[in-house]
Amino acid sequence: MDSSGDHASAPSVKKSARASLLDSGEDFEVLDEEDIDDDPPPLEDAGGGKGRNPDESENKNADSDLDPPEPVEEWLDVLGNNHLKKKVLESGEGRDSRPQKGQNVKINLKTYLKDGTLVEEQSDLSFTLGDGDVIQALDLTVQLMDMGEKALVQADAKYSYGVRGSLEPEVPPNSELSLEVELLKATDAPDLELLPPVEKISLASLKRERGNVHYQRADYAFAVNSYSIALQITESSSKVDITPEEESEMMDVRVKCLNNMAACQLKLDHYNAALKSCVSALEHQPDNIKALFRMGKVLAVQGEYSEAIQTLRKALKLEPSNKTIHAELSKLVKKYSEQRVAEQAMYKKMLGNPGGSSGGVSQQKLRAKSTWALSWKWLFGATAVAIGGVALSVVIAARN
């Protein structure tokens, strides 16, 4: 899959049923700031020393009224686990100005390592809030910022670049980060029905590329989220005319998203969902080799060896030189043969015929004995009938 940067620069879209990052299993519960006391604690009386001048005390009280003490700086524990904290450096326009999920926001950002090393500085960085276009630390804390606010964010590696770190920007594995963030702007997402096809294709491609970044970092649940958003964009209705070429390009992006989503779902052991993604991709492009290959793998995992072999043979017929398909098909044929041998042995055992040589001899003796007994019974019966016939003839002759 294609690689991409960790920040998206294109606007998002209005979505009726957007996939949520909460599906990843991560705990994203955000504390309600109304439950947090932002006011500093009341000043305590230090006690009146003997011999103090009351006039001096009154003057000091007057001075304190004129120059109130600066508020104590406080950290907001965003998730309640002390791994993601936010502190206001410069106040903004108030709670009513805070951005909402799904809006496009613009920020200034400086990223530092724990030792103060500047990693990255970005001006006018744009992304869609809540879409997973940026690291979780930004996605979660910008929602709690007022417009125009400057804040300092301390993020554990879990909410930044994780155990793998990053090459661009250069962040070592398991690194805690400090982020200086300034919220500049928040706007509503554009209406997809009125979005020109070229812009819609570009937007869907950006979301897909962000999903590829998540996949490469083994963040498969976040990758599925990004691919789902891209699919919603490609499948949305439009009031703008679209050319056949644009329609074909849109379909290509859609199938790529479905294929990549199936790959993630396989990694997550969500086999039914992966099979559904493959089927959807093949509905659009019946000869898509990647969709056929992944569908064969899903069927094999589910024990449907016969169907899996047929699917992989179709893929191999389309691309005979593909070594990966060759290897998977050979492995699958071997498993299928072993399964059939095991099934035949089980059926013989169920029927009471283990198939051994002694059992075969016993059966032959039994059949021979039965045949011999039947022959003697037939001969005895025939003799009795003949004797009866002779006696009857003698009786008739004597009467005459």
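What you are looking at is a predicted structure, and each value in this text was computed from that prediction instead of being measured.

The sheet built from 6 strands is open, its strands ordered S1-S2-S5-S6-S3-S4 with antiparallel pairing. In this open sheet, the two edge strands, each paired with only one partner strand, are strand S1 (76-77) and strand S4 (118-128). Two elements, strand S3 (residues 104-113) and strand S6 (residues 177-187), share 10 bridges in a ladder whose sense is antiparallel. Looking at S6, one finds that Tyr-112 is bridged to Ser-178.

Of the residues in the chain, 70% reach a pLDDT of 70 or more, and the chain-wide mean stands at 80. Overall, residues 1-5 carries pLDDT values under 50, and its contacts beyond four positions in sequence, including any with other chains, amount to 13 contacts. The low-confidence segment residues 7-54 (pLDDT under 50) makes 86 contacts with residues lying over four places distant or belonging to another chain.

Before going further, it helps to spend a moment on unusual backbone geometry. Here the residue pair Glu-168 and Pro-169 is connected by a cis peptide bond, since its omega of 0 degrees sits within 30 degrees of zero. Among the secondary structure elements, Pro-169 is positioned in the loop between strand S5 (150-155) and S6. Of note in this structure, Asn-174 is not a glycine but carries a positive phi near 55 degrees. Considering the arrangement of structural elements, one finds Asn-174 in the loop between S5 and S6. A relative accessible area of 51% means that Asn-174 is categorised as exposed. Even without being glycine, Ala-218 reaches a positive phi, approximately 65 degrees. Within the element layout of this structure, Ala-218 appears in the loop between helix H3 (197-216) and helix H4 (220-235). Here Ala-218 falls in the partly exposed class, since its relative accessible area comes to 28%.

Right, let's talk about the pattern of salt bridges for a bit. The full count for this structure, using the stated rule, is 10 salt bridges. We note a salt bridge from Arg-98 to Asp-146, for which the minimum N-O separation is 2.8 Å. Of this pair, Arg-98 sits in the loop between strand S2 (84-90) and S3 while Asp-146 sits in the loop between helix H2 (136-141) and S5; the two residues are 48 residues apart in sequence, bridging distant segments of the chain. In this structure, Lys-114 engages Glu-176 in a salt bridge whose closest nitrogen and oxygen atoms are separated by 3.8 Å.

Together, Met-346, Tyr-347 and Met-350 give the surface a local cluster of nonpolar side chains, amounting to about 360 Å² of exposed area. Its location among the elements puts Tyr-347 in helix H9 (residues 323-350).

To continue, consider the environment of Thr-234. Tracing the sequence through the fold places Thr-234 in helix H4. Thr-234 sits in the buried class, given a relative accessible area of 4%. C-alpha separation for the pair Thr-234 and Val-255, spaced 21 residues apart in sequence, amounts to 10.0 Å. Beyond its immediate stretch of four places on either side in the chain, Thr-234 contacts Ala-204, Met-250, Val-253 and Arg-254. Here Leu-231 takes part through its backbone oxygen, which lies 2.9 Å from a polar atom of the side chain of Thr-234.

With that out of the way, let us pick up the nonpolar core. With 44 residues, the main nonpolar core has Ile-233, Cys-264, Met-295 and Leu-332 as its most contacted residues. Elements that contribute at least two residues to this core include exactly H3, H4, helix H5 (244-267), helix H6 (271-284), helix H7 (289-301), helix H8 (305-318) and H9. Ranked by residue count, the leading element in this core is H5, at 10 residues. Apart from the residues within four sequence positions on either side, Met-295 is in contact with Leu-275, Cys-278, Val-279, Leu-282 and Thr-311. One finds Val-134, Val-142, Tyr-159 and Leu-177 within the second-largest nonpolar core, a separate group that totals 30 residues.

Turning to the packing of aromatic side chains, a few remarks are in order. What describes a pair of aromatic rings is the distance from one ring centre to the other and the angle between the planes of the rings. One pass over the structure, following the stated rule, counts 1 aromatic pair. Measuring from ring centre to ring centre gives 5.3 Å for Tyr-215 and Tyr-220, while their planes differ by 65 degrees; the resulting arrangement is edge-to-face. Its guanidinium or amino end placed over the ring of Trp-75, Lys-85 lies 5.4 Å from that ring's centre, counting from NZ or CZ.

Cut-offs and rules
- Residues numbered from 1 in each chain as written.
- Predicted model: local features only at pLDDT ≥ 70, side-chain atom pairs only at ≥ 80, totals over all residues.
- Heavy atoms only, no water.
- Pairing = 2+ DSSP bridges.
- Helix = DSSP H or I, 4+ residues; strand = E, 2+ residues; numbered from the N terminus.
- pLDDT = per-residue confidence, 0-100.
- Contact = heavy atoms within 4.5 Å.
- Buried < 20%, exposed > 50% of the residue type's maximum accessible area, 1.4 Å probe, protein only.
- Salt bridge = Lys/Arg side-chain N within 4 Å of Asp/Glu carboxyl O.
- Patch = residues over 30% accessible without salt bridge, like charges linked within 9 Å, V, L, I, M, F, W, Y side chains within 5 Å.
- Areas by Shrake-Rupley, 256 points an atom, 1.4 Å probe, with all protein chains shown as cover.
- Polar contact = N/O pair within 3.5 Å; in protein donor to acceptor, adjacent residues only side chain to side chain.
- Core = buried A, V, L, I, M, F, W, Y, C linked by side-chain atoms within 4.5 Å.
- Phe/Tyr/Trp six-rings, centres within 6.5 Å; stacked < 30°, edge-to-face > 60°.
- Lys NZ or Arg CZ within 6 Å of the ring centre and 35° of its normal.

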